[in-house]
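Single-letter residue listing:
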Amino acid sequence: MSKKKYNILYLSQFTTEKTYHEIIENKYMNSQQVVKFHNLILKGFAQNKKHVCAISAIPLSYKQKSKRIINMPDETMDDYIHIKYLPIFKLKLLKNIIYFIYTFIYILKKRVKKAETYIFLDILSVSQSISAVFLSKIIKKVKLIGIVTDLPKHQTASNNRLTLKINNYIMKNMNYYIFLTEDMNDFINKSKKPYYVMEGLVNNNEIKEFEHQKYDKFTFHYAGSLNKKNKIDYLVQAFLRSSLNDAELHIYGSGDYSEELIKISSVNNNVKYFGVKPNKDVLIAQKKSHILVNPRFSNQEFTRYSFPSKLMEYLNSEVPILTTKLPGIPKSYYEYFNFIETESIEGFCLELKQIYETNYNQLELKAKKGKEYVSKNKNSKVQIKNILLWLHSM
């Protein structure tokens, strides 16, 4: 791919670290994990010395701002990534229309006529993606690479029929796909187009400078969505039943279980709820914890089509992991995890007790192997290098 002239455009939700922290401090951002995922991909391009023109629709809650329109200046990330932020509108319908038009014009402006153009797009960013699809119908040298992190039907924001139809249209019109799991390909890629399974990616430098002296008490840690569908309530009840009086359960995030969790933590000193915190704070807390937990049940359909970014983050922390055996996890990863075999409150309770009593040095050896694997094979530079080589082979 390095021998031919081409442009790279990227459409999704991301910011520079500076803007990211400013937004988090003011509690305006909705989806930290989405932003982090796409930021890592962009960093991978920069690490491979590839110039990218990126258009970002920052996931801000327009209800939290009094202004009807928020404009943000362009920024540069790691010298190679030029970011154009779409304006943020209070009126959602107007926002989607403007995003479509703005993205269409920007792609036309940035594209070099004699060069092939690769547009990497988040298929869940509907307004941006549909604009790129329409443009690809006009210009033959535009190739679309759809990044599929989740199935649209499993997204809360995609419950209405019109949005689902648009998402399906977008997915059908990709030239190439990047999936997180092999099952995603089986479900989406009926036309057998070229695809790449990436599972996830990590930043080898993000936690090196963080202090990570362990908490005094043996600490179980969970960070992520606190919606009951992820079985966080089962984890809490199992911990309370375990009678592990010398241990604590630390929880970060928000969801429909938050209010109940506040009440539980107010009467149980060993259950601590920290709410939503910047990702850096969560990473530090993970390093200081003893066990990182993922309680999501494996019998839910959407787990076949996801490799949780949280698990990749857990692996990168080099802290022992206790998780259910999600079908989206490749068997090659099994040696790095400690599995919850029975998915019930009683089963969770048993596993919490057993891992608490397990020799911690043995658990750390497993965690170290997991860290070594993702650091070597799933870091952002290697992942994007492999994706570019894959595209070059098409």
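The structure presented is a predicted model; accordingly, all values stated were derived computationally and were not measured.

(A) Quick look at the sheet that holds strand 16 (residues 338–340). Read from one edge of the open sheet, six strands run 13-12-11-14-15-16, paired in parallel fashion. The open sheet terminates on both sides in strands that have one partner only, identified here as strand 13 (271–273) and strand 16. With direction set aside, neighbouring strand axes in the sheet form an average angle of 25 degrees. Inspection of the sheet shows strand 12 (residues 247–252) paired to strand 13 by three bridges, in the parallel sense. Bridging across to strand 13, L249 finds its partner in V271. Helix 7 (residues 232–242) contacts strand 11 (218–223), strand 12, strand 13 and strand 14 (291–294) of the sheet and is inclined by roughly 165 degrees relative to strand 12. Of the strands in this sheet, strand 11, strand 12, strand 14, strand 15 (321–324) and strand 16 touch helix 11 (residues 345–357), which is tilted by about 135 degrees from strand 11.

(B) Region of the structure containing the side chain of D233. With respect to the secondary-structure elements, D233 resides in helix 7. Within the buried core, D233 has no salt-bridge partner, and the shortest N-O distance to an opposite charge, that of K228, equals 5.2 Å. Excluding residues within four positions of it along the chain, D233 makes contact with K228 and Y257.

(C) Broad picture of the nonpolar core. One finds Y10, F45, F120 and F220 to be the most contacted residues of the largest nonpolar core, which totals 109 residues. For this core, the leading source of residues is helix 2 (residues 32–47), giving six residues. When near neighbours in sequence (up to four residues on either side) are disregarded, F120 contacts I8, L9, Y10, L11, F45, I145, I147, I178, I387 and L391.

(D) Region of interest: the packing of helix 4 (residues 126–138) against helix 5 (residues 161–172). The contact between helix 4 and helix 5 brings their axes to 10 Å, and the two run at 45 degrees. Considered as vectors, helix 4 and helix 5 are oriented oblique to each other. Like other packed secondary-structure pairs, helix 4 and helix 5 cross with a definite hand, here left-handed. Contacts between helix 4 and helix 5 involve V126, S129, I130, V133, F134 and K137 on the former and, on the latter, T163, I166, N167, Y169 and I170. Residues belonging to the contact of helix 4 with helix 5 are distributed by class as follows: seven nonpolar, three polar and one charged.

Conventions adopted
- Residues numbered from 1 in each chain as written.
- Predicted model: local features only at pLDDT ≥ 70, side-chain atom pairs only at ≥ 80, totals over all residues.
- Heavy atoms only, no water.
- Pairing = 2+ DSSP bridges.
- Helix = DSSP H or I, 4+ residues; strand = E, 2+ residues; numbered from the N terminus.
- Axes fitted to C-alpha atoms, helices over the stretch in contact; angles between N-to-C directions.
- Contact = heavy atoms within 4.5 Å.
- Buried < 20%, exposed > 50% of the residue type's maximum accessible area, 1.4 Å probe, protein only.
- Lys, Arg positive; Asp, Glu negative; His and termini not counted.
- Salt bridge = Lys/Arg side-chain N within 4 Å of Asp/Glu carboxyl O.
- Core = buried A, V, L, I, M, F, W, Y, C linked by side-chain atoms within 4.5 Å.
- Parallel < 35°, antiparallel > 145°, perpendicular 65-115°, else oblique.
- Left-handed = near helix turned anticlockwise from the far one by under 90°.
- Nonpolar A, V, L, I, M, F, W, Y, C, P; charged D, E, K, R; others polar.

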